[in-house]
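# Descriptive structure summary
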Amino acid sequence: MKTKYLYINTIGCQMNVYDSEQIANGLKYLQYEMTPFIEKADLIIVNTCAIREKAEQKVFSFLGRLAGLKKKKPDLIIGVGGCVAQQEGAKILERVPYLDLVFGTHAIDRLPDAIQTISSKKCRIVDTQMSNQIKELDFSVNGYDTGDVTRFVTIMQGCDNYCTYCVVPYVRGRETSRDPEKIIDEIRRLVETGAREVTLLGQNVNSYGIKEGLLTFPELLRRVNDVDGLLRIRFTTSHPKDLSENLIHAFKDLDKLCHHIHLPIQSGSNRILKRMNRKYTREIYLEKVEKLRNTCPDIAITSDIIVGFPGETRMDFQETLDLIGMVEFDGLFAFKYSDRPNASAARFSNKILEDEKKQRLQQVLDLQDQITTRKNKTLKDSIQSVLVEGFSKKQNQINTPDSSPNAQWTGRTSTNKIVNFYNNDGTDSCNKNVMGRLVNVRILKTFSHSLWGETNGKEPACFGLRGEKSYVA
Ligand code: 5AD
Ligand code: SF4
């Protein structure tokens, strides 16, 4: 079979990044190879996100740009997958006449068959069938070999929480956990291809395995912690209502578990939390934050905030600002509320005007910026253990020969702060390549979104790279 080229545009969360890797993996069997050049592609897939209106708009503007390509190359196949595909189904085919395929969030395993049918029969396909079982893909165990140091592993799909603003339960279906053996197997394979850090993904990882009577999430973490060659474990996302004592203790007990938790609060007002159906109060949230910090004093806590939820008064909003000031998050993702199809808040009254939402968003961002800048400043002159992910963005732009002592590397601390650094370590082996290694970096400058420093020379912690046997276990 002749090699064909596949271009994937991934919009949205880490789960979509993982799904796109699975898509690429499955299509390898049809001789599709990934290309970064869209003009070269025989097949273009856009993996979509429906979480907020803005993400959905991005999908249609990208599809709009493909009309010319399809005209030039009539055999080009164009497919839309992911959450917007699940939500809109056949409507997208109507809206985009040159589109060949719409496949939903539970149709990834059927994608290769659909592509073959479209190639041979020149037809259009919509597959948005959902199931309550995880279809383990044969190829998922092989792990798409990106060679990246940090990789994602989905451990569960769907969500049963029905927060009133959220589309996820409708587009990703019921909460379903993967078999732990399959997860561990996959992580082992990823380590064999160079991964040193995995992020376990799910909409609410804290309730992993409960419905199915599998391992609990802390038990799963323990199993992952035992995987040889893996240096770090992260996970996202956690629902505050399900954050257990056992999970809090895992931050102290498991040496590979990074000291960072993403714990979305959404609002600091109990009235709004209730309308959001979040099932916790600000007091419960603050109590959990205190427990986390008592157990693991340097833990970084990040969160999500929605501003302008229907009916959010200035006073409710002030409570959110107060809470942000009290917790002093290490980072925040803040969003203007937007109506989503099916989500019940779309039918709530007292919608907030766009200008007001904009203003509130800016206030949150400004406050958080001050907090992160202040917190990051306290790290000046400290020594941080950094897992090196590759060259920094700046390095990739300036094209300094990679082996030069001035090459700038990038990685993250256990607390998930980005560190760009020069590797001034005296030893040759470290100068050549530190990717995939844990190195100690002295922090010399701090910014609001990153830190900058140098390896400190005396304390290199150079561990083996891809396939070498010397790693910290
Ligand atoms: N409007 C705005 N933000 C939303 N989020 C989810 N749904 C909406 C919505 N309808 C935000 C929440 C969630 C994050 C992933 O996206 O903060 O935690
Ligand atoms: Fe959406 Fe709430 Fe489920 Fe998160 S927990 S995916 S916000 S319904």
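Residues numbered from 1 in each chain as written. Chains lettered and ligands numbered in written order. Predicted model: local features only at pLDDT ≥ 70, side-chain atom pairs only at ≥ 80, totals over all residues. Heavy atoms only, no water.

### Considering the overall build of the protein
Convention followed: Where helices and strands are cited, they refer to DSSP runs of H or I of at least four residues and of E of at least two residues respectively, numbered from the N terminus. Accessibility here uses a 1.4 Å probe with only protein chains present; expressed as a share of the type maximum, an area under 20% marks a residue as buried, one over 50% as exposed, and anything in between as partly exposed. Note on definitions: a residue-residue contact is assigned when non-hydrogen atoms from the two residues lie within 4.5 Å. The Shrake-Rupley method, run with a 1.4 Å probe sphere, supplies the accessible areas, and residue values consider only the shown protein chains as cover. Here Asp and Glu are counted as negative and Lys and Arg as positive; His is not counted, and neither are the chain ends. Each charge is placed at NZ for Lys, CZ for Arg, CG for Asp and CD for Glu.
Along its length, the protein carries 16 helices and 19 strands. Split into buried and exposed, the 473 residues of the protein put 55% on the buried side. For the protein, contacts bridging at least 24 residues in sequence account for 73% of all contacts bridging at least 6. Accessible surface, the protein as shown: approximately 21,200 Å² in total, 50% of it carbon and sulfur. For the protein, the centre of its 67 positive side-chain charges and the centre of its 59 negative side-chain charges are spaced 4 Å apart.

### As for the site of ligand 2
Applied cut-off: Proximity criterion: a residue is near a molecule or strand once any of its heavy atoms comes within 4 Å of it. Note that Gly is not counted as nonpolar here; it falls among the polar residues with everything else outside the nonpolar set of Ala, Val, Leu, Ile, Met, Phe, Trp, Tyr, Cys and Pro and the charged set of Asp, Glu, Lys and Arg.
Around ligand 2 sit C159, N161, Y162, C163, Y165, C166, V168, P169, Q203, H239 and R278, and those are all the residues in its vicinity. Split into classes, the residues belonging to the shell around ligand 2 amount to seven nonpolar, three polar and one charged.

### Some points on the sheet that holds strand 18 (residues 438–446)
What counts here: What makes two strands pair is DSSP finding at least two bridges between them. In this analysis an axis means a line fitted to C-alpha atoms, helices contributing only their contacting stretch, and an angle means the value between N-to-C directions, from 0 to 180 degrees.
The mixed closed barrel is built from five strands, whose spatial order is 15-16-17-19-18. Put simply, the sheet's adjacent strands are angled 50° from each other on average, direction ignored. Relative to strand 19 (residues 451–455), strand 18 is paired through five bridges, and the arrangement is antiparallel. Residue pairing in the sheet places V441 in a bridge with T455 of strand 19.

### Some words on the site of ligand 1
Close contacts around ligand 1 come from I51, R52, Y165, Q266, D304, I306, F335, K336, Y337, S338 and R340, and that covers them all. Burial of ligand 1 by the surrounding chains reaches 87%, relative to a free accessible area of 400 Å². Counting only elements with at least two residues in the shell around ligand 1, the list comes to strand 13 (300–307) and strand 14 (331–336). Along the lines of polarity and charge, the residues of the shell around ligand 1 split into five nonpolar, two polar and four charged.

### Looking at the packing of aromatic side chains
A ring pair, where both rings are aromatic, is described by two values, the distance of the centres and the angle of the planes. Operational definition: Whether two aromatic rings pair depends on their centres lying within 6.5 Å, for rings of Phe, Tyr and Trp, where Trp uses its six-membered ring; planes under 30 degrees apart make the pair stacked, over 60 edge-to-face, and the rest tilted. Placement of a positive charge over a ring is assigned whenever Lys NZ or Arg CZ falls within 6 Å of the ring centre and within 35 degrees of the normal to the ring plane.
Taken as a whole, this structure holds 10 aromatic pairs when the rule is applied. Centre to centre, the rings of F217 and F235 are 5.0 Å apart; their planes meet at 85°, and the pair counts as edge-to-face. Separated by 18 residues along the polypeptide, F217 in helix 9 (residues 217–225) and F235 in strand 11 (residues 232–236) bring together distant segments of the chain. Accessibility classification places F217 together with F235 in one group, the buried group. Put simply, the rings of Y165, F309, Y337 and F348 pair up and form one aromatic cluster. The ring of F60 has R95 sitting right over it, with the charged end atom 3.6 Å from the ring centre.

### Thoughts on the nonpolar core
Our working rule: By nonpolar core is meant a set of buried Ala, Val, Leu, Ile, Met, Phe, Trp, Tyr and Cys residues that side-chain atoms within 4.5 Å join together.
Grouped together as the largest cluster of nonpolar side chains are 52 residues, with contacts concentrated most on I187, L200, F217, L221 and F235. Once residues lying within four places of it in the same chain are set aside, the contact partners of I187 are V153, V198, L200, V224, V227 and L230. Core analysis: the next-biggest nonpolar cluster, separate from the first, contains 29 residues, Y7, I44, A50 and F62 among them.

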